[in-house]
Amino acid sequence: MGAAVARWTVAAVLLQVAGLSLFLYGFFPVKPTLSGFSGTESYGMPSCSPVGAGEQETALPPNQLRSLYRELSGVPPVYDRLMLMVIDGLPAEFVLGRGGKPPSKEMMESMPYTQSLLAGCKAAGYHAKAAPPTVTMPRLKAMVSGAIGGFLDVAFNFNTQAFLEDNLLGQLHRIGCKLVMLGDETWIKLFPTLFARQDGVSSFYVRDTVEVDFNVSRHLEFELAAKDWSVLVLHYLGLDHVGHMGGRRSVLMAQKMKEMDDVIRQVHAASLQDNLERTLLVVVSDHGMTEGGNHGGSSYEETDSLALFIGHSVERPHCSPYDQNEALQVDLAPTLALLFGVPIPKNNIGVLLPELFNSLTDEQKLHTLELNSWQISRLLQAQIPAFCLEDCINSEDGLGIDVRHESIEKKFCHLLYNAFASHRSSRLHQGSDFKSDEARYVATAADNYYGFLRYASGWLSHRATDKPFYLLISAILMMAMSCLCLMGTMSHLFKGQALSQADRHSDSYLDQRWHLDEVFILTGIFLYVISLGSSSFVEEEQYTWNFLTSTLYLIFLIKTVQSMLKGSNSTLVHRVKGKSCDRNNFSYAVSYELTPGKQDGYKLCTVLTVLVSGRVIRAWHQGGINWVHFPDISKLLAQADSSIVKSLQTISVLAVVALYSVSLMLLRARSKFVIGVWLSHVSCGILVLMHIWGNQINTVLPVNHSTSIARLFYATASVSISATLLASPWIFPIYSTEAKPASSDSNPVKHADSHGISNSVFLTGITYTVFWCLLQLLLQQPINAIPLLLIFLQTVSSVAHFSLDKTLHKQWVQGIALQFLGMAGHFGLGNTNSLASIDVAGAFIGISSYSTVISGILMFIITYGSPLMLYLGMVIYISVNGCDDISTRWQLKQRYVLDKMVTLPCLLPLLVNSVALTSYTIVLLLMRNHLFVWSVFSPKYLYVCAATVCTYVGVFVIAMTAAYNCAVFSFRARSYRDTSH
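In the nomenclature of an unreviewed UniProt entry, the protein is known as GPI ethanolamine phosphate transferase 2 C-terminal domain-containing protein of Urochloa decumbens. Regarding the protein, the UniProt comment filed under Pathway (unreviewed entry) reads as follows: "Glycolipid biosynthesis; glycosylphosphatidylinositol-anchor biosynthesis."

Below you can see the structure in the form of structure tokens.
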């Protein structure tokens, strides 16, 4: 049966992978874009027939092309030189305040020069809303192209490719502008051929908060004195790195903002000395940050990016610097394009910002809006075949359209007709003796243009990309077939076990009633699947898992107490001990001496340990996405003295080392190899302590000493784990010496010893788990040290509880309980279904330069530390629950042992994950047009996909460990029989 189960399981997994890949390909396609670059056609009204890119002007020399654009546009360029300063991760709230209120006193004092420009009405600031995902690469694309990229740009952010779409920098380069870039190397990867001079720095080594900015500022004096460039891009990363390391309230934040303010002062002073009238300084941020300093999601704190303009066209006699002036990040592209006299990029959906065109005449201002409307109309014509601008303008009944009941193209026609009609009226009244009438017509035309532009921009940004529906249905059918295949395999396995138990007349077979824990698990999984259809439950999923886990273990507590109160338990206890405990290494090997009363006490203590630990973990990170402001232990520790946090880390490391030492002592193996494994573990614990006390929580400089310690830990742990896995099956006995008969004419060995293979798997499993726990203590945020220790205690306590009385819960209930613990711990470490909760800082511990693969693996290890710890704990679990019936020589055969140890522990996680994956895939398809599809449901789907990979890794480790141990013991058993004959 084992071989058939393995074949069906592998087939189901392959089918699931194929279905998942197909769904990802169909649901997250690359958004359709207009090819080519905007040219002279941008300055004319779009026709209903498709117009090419205009090849004739691309062959013109840059100076002639610049002159041609100026002649056709009818709007003179306002500026000649652009200084674009990007402060990565700076929330607009830090500079402009929030809700009409100024920023905090500390923030204002950190940027005195910038605040003086705002107060003196010499700068215009905007809260420029960034679209999710709020990571650097897609946000830079949005700023220079005005287009919102696909959602999966969050994945491409770590491996940036050249940007080939129409964009502002490309347009400026075509007219002969010389571009210089200093800072984040993402710009160089996006535009590898545009910059005449460049000096890039890695954006992903987030532990560096000083050198990464110094490498930019060291060139400033030279570049500001140079006269040969037209565009200077400065991208500072230090503030974002400070956020990743210590959050918004990091002690380094004010210092870093002061440094950025000094740069703004230096750059602005240079522009004043050069030629203020022709230089524009733009200070922007690509995204904001959460309280914890992360980003990637769609919360206000993450999307609140800055757009600050400093130049002559924004100066005015009166202003309110802290008004909540709001814009979109994509509005930057059309605004800068028209200010510098180049065509608006083809795929732009942004709307120009009117306050930057104060130096133009009223007619020129309206013409800029007209150019913006023509460009948006071209994009609409590509998206809506029935829409035609010429027909809208020539329509005589445009004003009579009922926009409430007409199609979307007629709504656009109505808005455009109003805009162009009011513009014509404004031209007719131009030069009128009545200035108030002229101003009124201009204001009406501007309002109508903005009405169309904002409506069209919103529609284009929220319009769901066409998805191949039948392809998605096919993908879901494949995943559903995979799920049904796993269910059928599980059902076949249960039937086989039932028949086996019936032959032995076991208690499990005699008691076929549904118990409370079994009913609760099935009901809980059903309710969890239902909850996936609610955006609120998805955002606050931690409450679901906390409820399921705590309630299930409360049921375990009730069953434990009930078993203790039964007077007939003594007979059952002796029978259980006779059948399994005296052949098992666990109950932590203390079952050799335990009386029934002590055994009940241990059962009660283990389940209470899980419940109490779970309650503390839940209080550590109280909120998810919407309730992140709730007070909790982690927030108190974040504000506490670093020595307190370091002390908690030290306690956690020492506790893990002590628990491992106790586990090896209870194993009752005194070989030199086991002692060597213990020494390597102690060495790793010492290395983690050296890393903890050698690092400050708010690191200023990357520490080479710390990197060396982390690398030494990786090497030591890898060697120790590999050696334990490979050697442990060879150091434990195959047969029990007690099995030798008294008479000499009998077979010298009658029974296989389950201690050997059980001890071997136990040693491997406990080594996996404790080294994994030390790795997490090295990589995770310092405030997560105690939760990690508690998750480890929950793992060990659960395995101990299940081994003390194997008749109390069915094996499948035990396996799912461990999975529930893993998911509850996942959210207990501060993870959410928002991309912003991913801990980027820990992914660079032990590496001195950025590596996409290594950093990605470390990021995955940090994010899924708890579920993977419980999967590694399952290796311990199979060592104490999978070898009970090995008492004869034929039962030591590889196929029988594998069937006992591996089948159910591997099938259960795959089936539960398959149910969750298939269910949520169906939910995502149904929610494809939902308002929160990109901000809530799509990020969650990425987590579901990552959890699927986590499940595959965990199951592979379990199966590989058991298969190797079984293969070695089977080989040793055959060799022993051959030599004995």
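(A) Quick look at the overall build of the protein. Helices and strands together make up the secondary structure of the protein, namely 39 helices and eight strands. Within the protein, the fraction of its 981 residues that count as buried is 56%. At a minimum sequence separation of 6, the contacts of the protein that also span at least 24 residues come to 79%. Carbon and sulfur atoms form 62% of the exposed surface of the protein, whose accessible area is close to 39400 Å².

(B) Structural view of the packing of helix α17 (residues 362–383) against helix α19 (residues 408–428). It is the contact of α17 with α19, at a shortest axis distance of 12 Å, that shows an interaxial angle of 155°. As far as their axial angle goes, α19 and α17 are roughly antiparallel. α19 is crossed by α17, and the crossing has left-handed handedness. Contacts from Glu 363, Leu 366, His 367, Glu 370, Ser 373, Trp 374, Ser 377 and Leu 380 in α17 reach Phe 412, Leu 416, Phe 420, His 423, Ser 426 and Arg 427 in α19. Here the contact of α17 with α19 is built from residues that sort into six nonpolar, five polar and three charged.

(C) The confidence of the model for the protein, seen in detail. Put simply, the protein has an average pLDDT of 83, and 84% of its residues get 70 or more. Mean pLDDT values over the elements of the protein span from 46, in helix α26 (residues 569–579), up to 96, in strand β5 (residues 231–236). Here residues 738–746 scores under 50 on pLDDT; set against residues more than four positions off or in separate chains, the count is eight contacts. Within the model, pLDDT remains below 50 along residues 887–892, and this stretch shows 24 contacts once partners closer than five positions in the same chain are excluded.

(D) Structural view of the sheet that holds strand β3 (residues 179–184). The eight strands lie next to each other as β4-β3-β5-β1-β6-β7-β2-β8, forming an open sheet whose pairing is mixed. The open sheet has two free edges, formed respectively by β4 (195–201) and β8 (326–328), since each of these has just one partner strand. Averaged over all pairs of adjacent strands, the angle between their axes in this sheet comes to 20°, without regard to strand direction.

(E) Inspection of the state of the cysteines at higher detail. In the structure shown here, the tally under the stated rule is one disulfide. The side chain of Cys 121 participates in a disulfide bridge whose partner is Cys 319; the two sulfur atoms lie 2.0 Å from each other. Across the S-S bond linking Cys 121 and Cys 319, the dihedral sits near -90°, which makes this disulfide left-handed. Of the two residues, Cys 121 is situated in the loop between α6 (112–119) and β2 (123–129) and Cys 319 in the loop between β7 (304–310) and β8; the sequence distance between them amounts to 198 residues. Note on Cys 121: relative accessible area 6%, which makes it buried. According to the relative accessible area criterion, Cys 319 is partly exposed, its value standing at 23%.

(F) Geometry of the pattern of salt bridges. Considering all chains together, one arrives at 22 salt bridges under this definition. Asp 517 is the salt-bridge partner of Lys 559, the closest N and O atoms lying 3.3 Å from each other. With Lys 559 in helix α25 (residues 541–565) and Asp 517 in helix α23 (residues 516–531), this pair connects stretches of sequence that are 42 residues apart. Judged by relative accessible area, Lys 559 falls into the buried class, the value being 14%.

(G) Spatial organisation of the pairing of strand β1 (residues 81–87). Of all seven residues making up β1, seven are buried, and the element is well covered by its neighbours. Both faces of β1 are covered, namely the face carrying Arg 81, Met 83, Met 85 and Ile 87 and the face carrying Leu 82, Leu 84 and Val 86. Pairing of β1 with strand β6 (residues 279–284) involves six bridges; the strand directions are parallel. Within the sheet, the bridge partner assigned to Met 85 lies in β6 and is Val 283. Direction of pairing for β1 relative to β5: parallel, over a ladder of six bridges. Within the sheet, the bridge partner assigned to Leu 84 lies in β5 and is Val 233.

(H) Spotlight on the packing of α25 against helix α33 (residues 785–804). Axis separation between α25 and α33 bottoms out at 13 Å; the angle between their running directions is 35°. In this structure, α25 crosses over α33, and the sense of that crossing is left-handed. Of α33, the residues touching α25 (which contributes Tyr 553, Phe 556 and Thr 560) are Ser 798, His 801 and Phe 802. For the contact of α25 with α33, a count of residues per class yields three nonpolar, three polar and no charged.

(I) Spatial organisation of the nonpolar core. Residues Phe 23, Tyr 553, Phe 713 and Tyr 941 are the most contacted members of the largest nonpolar core, which totals 144 residues. Phe 713 has contacts with Cys 684, Leu 687, Val 688, Phe 771, Leu 774, Leu 775 and Leu 778, leaving out every residue within four places of it along the chain.

(J) A look at the environment of Phe 340. As for its placement among the helices and strands, Phe 340 is situated in the loop between α16 (332–339) and α17. Those residues in contact with Phe 340 that sit more than four places away from it in its chain are Pro 77, Tyr 79, Asp 80, Arg 81, Leu 82, Leu 172 and Leu 280.

(K) Fine view of helix α30 (residues 672–694). Under the 1.5 Å per step criterion, the end-to-end length of α30 is 32 Å for 23 residues, consistent within 8% with the ideal 33 Å. Among the residues making up α30, those that are buried are Val 674, Val 677, Ser 680, His 681, Cys 684, Gly 685, Leu 687, Val 688, Leu 689, His 691 and Ile 692.

(L) Spatial organisation of the packing of aromatic side chains. Counting across every chain of the model gives 23 aromatic pairs. Centre to centre, the rings of Tyr 528 and Trp 545 are 4.8 Å apart; their planes meet at 50°, and the pair counts as tilted. Of the two residues, Tyr 528 sits in helix α23 while Trp 545 sits in helix α25, which places them 17 residues apart along the sequence. Residues Tyr 528 and Trp 545 agree in their burial class; the two are buried. Just above the ring of Trp 229 sits the side chain of Arg 81; from NZ or CZ to the centre is 3.7 Å. The ring of Tyr 441 has Arg 440 lying over it, and the distance from NZ or CZ to the ring centre is 5.0 Å.

(M) Highlighting the pairing of β6. With six of six residues buried, β6 lies mostly within the body of the structure. Both faces of β6 are covered, namely the face carrying Thr 279, Leu 281 and Val 283 and the face carrying Leu 280, Val 282 and Val 284. Looking at chain direction, β6 and β7 are connected through four bridges and run antiparallel. Within β7, the position partnered with Leu 281 by the bridge is Ile 310.

(N) Structural context of the environment of Asn 448. Its location among the elements puts Asn 448 in helix α20 (residues 435–462). The spatial distance from the C-alpha of Asn 448 to the C-alpha of Ala 421 is 9.4 Å, given a sequence separation of 27 residues. The contact partners of Asn 448, leaving out residues within four places of it in the chain, are Leu 415, Asn 418, Ala 419 and Ser 422. A distance of 3.1 Å separates a polar atom in the side chain of Asn 448 from a polar atom in the side chain of Ser 422.

(O) Examining a nonpolar patch on the surface more closely. Side chains of Phe 469, Tyr 470, Ile 473 and Leu 477 sit close together on the surface and give an oily, nonpolar patch of about 430 Å² of accessible area. Structurally, Tyr 470 is set in helix α21 (residues 469–504). The class of Tyr 470 is exposed, set by a relative accessible area of 70%.

Cut-offs used in this document
Residues numbered from 1 in each chain as written. Predicted model: local features only at pLDDT ≥ 70, side-chain atom pairs only at ≥ 80, totals over all residues. Heavy atoms only, no water. UniProt positions renumbered as here; feature names shortened; annotations may be inferred. Helix = DSSP H or I, 4+ residues; strand = E, 2+ residues; numbered from the N terminus. Buried < 20%, exposed > 50% of the residue type's maximum accessible area, 1.4 Å probe, protein only. Contact = heavy atoms within 4.5 Å. Areas by Shrake-Rupley, 256 points an atom, 1.4 Å probe, with all protein chains shown as cover. Axes fitted to C-alpha atoms, helices over the stretch in contact; angles between N-to-C directions. Parallel < 35°, antiparallel > 145°, perpendicular 65-115°, else oblique. Left-handed = near helix turned anticlockwise from the far one by under 90°. Nonpolar A, V, L, I, M, F, W, Y, C, P; charged D, E, K, R; others polar. pLDDT = per-residue confidence, 0-100. Pairing = 2+ DSSP bridges. Disulfide = S-S within 2.5 Å. Salt bridge = Lys/Arg side-chain N within 4 Å of Asp/Glu carboxyl O. Core = buried A, V, L, I, M, F, W, Y, C linked by side-chain atoms within 4.5 Å. Expected span 1.5 Å × (residues − 1). Phe/Tyr/Trp six-rings, centres within 6.5 Å; stacked < 30°, edge-to-face > 60°. Lys NZ or Arg CZ within 6 Å of the ring centre and 35° of its normal. Polar contact = N/O pair within 3.5 Å; in protein donor to acceptor, adjacent residues only side chain to side chain. Patch = residues over 30% accessible without salt bridge, like charges linked within 9 Å, V, L, I, M, F, W, Y side chains within 5 Å.

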